[in-house]
Amino acid sequence: MRIGIDLGGTKIEGVLLSALGETVTKRRVETPAGNYDATVAAVVDVISTLQAELPMPTTVGIGTPGALMHPEGIMKNCNSLCLNGQPLQRDLESRLGYAVRIENDANCFALSEAHFGAAKDASTVFGVILGTGTGGGIVINKQLLTGPNQIAGEWGHNPIPVSVRPLIDKDRICYCGRANCIETVLSGRGLKQTYHEQSGQTLEANAIAELARTGDPGAKECIEIYSQQLARCLASVINVIDPETIVLGGGLSNIDRLYETVPHSLEGFVFTEGVRTQLLRPTFGDASGAIGAACLWPAI
Ligand SMILES: [Zn+2]
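Cut-offs and rules
- Residues numbered from 1 in each chain as written.
- Predicted model: local features only at pLDDT ≥ 70, side-chain atom pairs only at ≥ 80, totals over all residues.
- Heavy atoms only, no water.
- Donors = N, O, S within 2.8 Å, 3.2 Å for Na, K, Ca; no water.
- Tetrahedral: all angles 85-135°; square planar, octahedral: opposite > 155°, others 65-115°.
- Buried < 20%, exposed > 50% of the residue type's maximum accessible area, 1.4 Å probe, protein only.
- Helix = DSSP H or I, 4+ residues; strand = E, 2+ residues; numbered from the N terminus.
- Pairing = 2+ DSSP bridges.
- Domains from an automatic or database assignment.
- Contact = heavy atoms within 4.5 Å.
- Buried area = accessible area lost by both parts, 1.4 Å probe.
- Polar contact = N/O pair within 3.5 Å; in protein donor to acceptor, adjacent residues only side chain to side chain.
- Nonpolar A, V, L, I, M, F, W, Y, C, P; charged D, E, K, R; others polar.
- Axes fitted to C-alpha atoms, helices over the stretch in contact; angles between N-to-C directions.

What about the coordination of the zinc ion?
Distances from the zinc ion to its protein donors, namely H157 (ND1), C174 (SG), C176 (SG) and C181 (SG), fall within the range 2.1 to 2.3 Å. Between the four donor atoms coordinating the zinc ion, the angles at the centre fall across 105 to 116 degrees, so the site counts as tetrahedral. C176 gets classed as partly exposed once you look at its relative accessible area, which sits at 30%.

Brief notes about the pairing of strand β2 (residues 11–17)
Taking burial as the measure, the seven residues of β2 include seven buried ones, the bulk of the element. Covered by surrounding structure in β2 are K11, E13, V15 and L17 together with I12, G14 and L16, the residues of both alternating faces. With six bridges joining them, strand β1 (residues 2–7) and β2 adopt antiparallel strand pairing. Of the residues in β2, the one forming a bridge with D6 is E13. Counting the residues in the hairpin turn of β1 and β2 gives three residues. Sheet analysis places β2 next to strand β3 (residues 23–30), joined by seven bridges and oriented antiparallel. Along β3, the bridge assignment pairs K11 with E30. The loop that links β2 with its antiparallel partner β3 comprises five residues; one of these, G21, has a positive phi angle of about 90 degrees.

With respect to unusual backbone geometry
A cis amide bond links H70 to the next residue, P71, at an omega of 0 degrees. Here P71 lies in the loop between β5 (67–69) and β6 (74–76). Non-glycine residue N141 carries a positive phi angle of around 50 degrees. Assessed through its relative accessible area of 54%, N141 is described here as exposed. If you check the backbone angles, N180 has positive phi at about 60 degrees while not being a glycine.

A word on the domain arrangement of the chain
According to the domain assignment, the chain contains domain 1 (2–107 + 287–294) and domain 2 (121–282). For domain 1 versus domain 2, the distance between C-alpha centres works out to 28 Å. Contacts between the two partners involve eight residues from domain 1 and, on the opposite side, ten residues from domain 2. Here domain 1 meets domain 2 over a buried area of about 630 Å², counting both sides, of which 48% is carbon and sulfur. It is H70, A106 and N107 that lose the most area in domain 1 upon contact with domain 2, and together they represent 61% of the buried surface on that side. At the junction of domain 1 and domain 2, the tally comes to zero residue pairs in polar contact (both at pLDDT 80 or more). Elements with a contribution of two residues or more to the side of domain 1 that touches domain 2: β5, β7 (101–104) and α3 (105–116). Looking at the side of domain 1 that touches domain 2, its residues break down into three nonpolar, three polar and two charged.

Things to note about the sheet that holds strand β9 (residues 134–140)
Read from one edge to the other, the open sheet built from five strands follows the order β10-β9-β8-β11-β12, with strand pairing classed as mixed. Only two strands of the sheet have a single partner each, and these edge strands are β10 (143–144) and β12 (278–280). By the bridge criterion, two bridges tie β9 to β10 in an arrangement that is antiparallel. By the bridge assignment for β10, I140 is matched with Q143. Helix α7 (residues 217–241) rests against β8 (124–130), β9, β11 (245–249) and β12 of the sheet, and its axis sits at about 145 degrees to β8.

Structure representation (structure tokens):
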């Protein structure tokens, strides 16, 4: 048994995960938004409730949208802003009396799918988040790839490949201050902007996807363009890490058409003929954060 916690902006979800990846118990509470001390207390409470079901304490992993900076030990890039600059890991460990592990939610997504989900049979996995933002995580032989900057797999703020530039009308400025980051094209907002460039209309990403499903020619064309953009951005990742499997996650991973068009569109952009990388739907959806967080520790 392992405990995994998904610490999000609106909810804290905790699971007790069996060695086979089954969720034995689940506990969910609202995040005390904007209140750091109350958030720490709520996380400790969820963990304690789950630990109480076990004969002895087990390991605890925590996934959050931000990252833990080393060696300072403080959080950065959290959308729950009250966490930023705080020593979350130290504060939890001092309250609990044992070590916890913290990783960002894209890494937890990749871990969940590599251990128990769509990519459980693959040795090299690139987990991609296509949602409000564009992120990713790399898992090799069930181990998360981590590095000194805590950014392995974070391709969303790489510039788009040159081959994607003709697929957008004009340069797109990213919130990070750079121009034409992959996230400006592949996030929900990116799809929305592409649709606006094509049609002059403003629609949210899920509405565009729904319209395309019902056969609307403009929306279908927009999803085709998005598929091309995604394939060309993924091709550069495949050239570097050559993953057996790429699993898509986040809201845009629900667009069925991507799994048909993107694999074909990789040809000509990956430095090989007959690309063997699989592109798969996620297994877990919203539950991936807590399940992946539990996988931050080996099963005991
Ligand atoms: Zn950026």
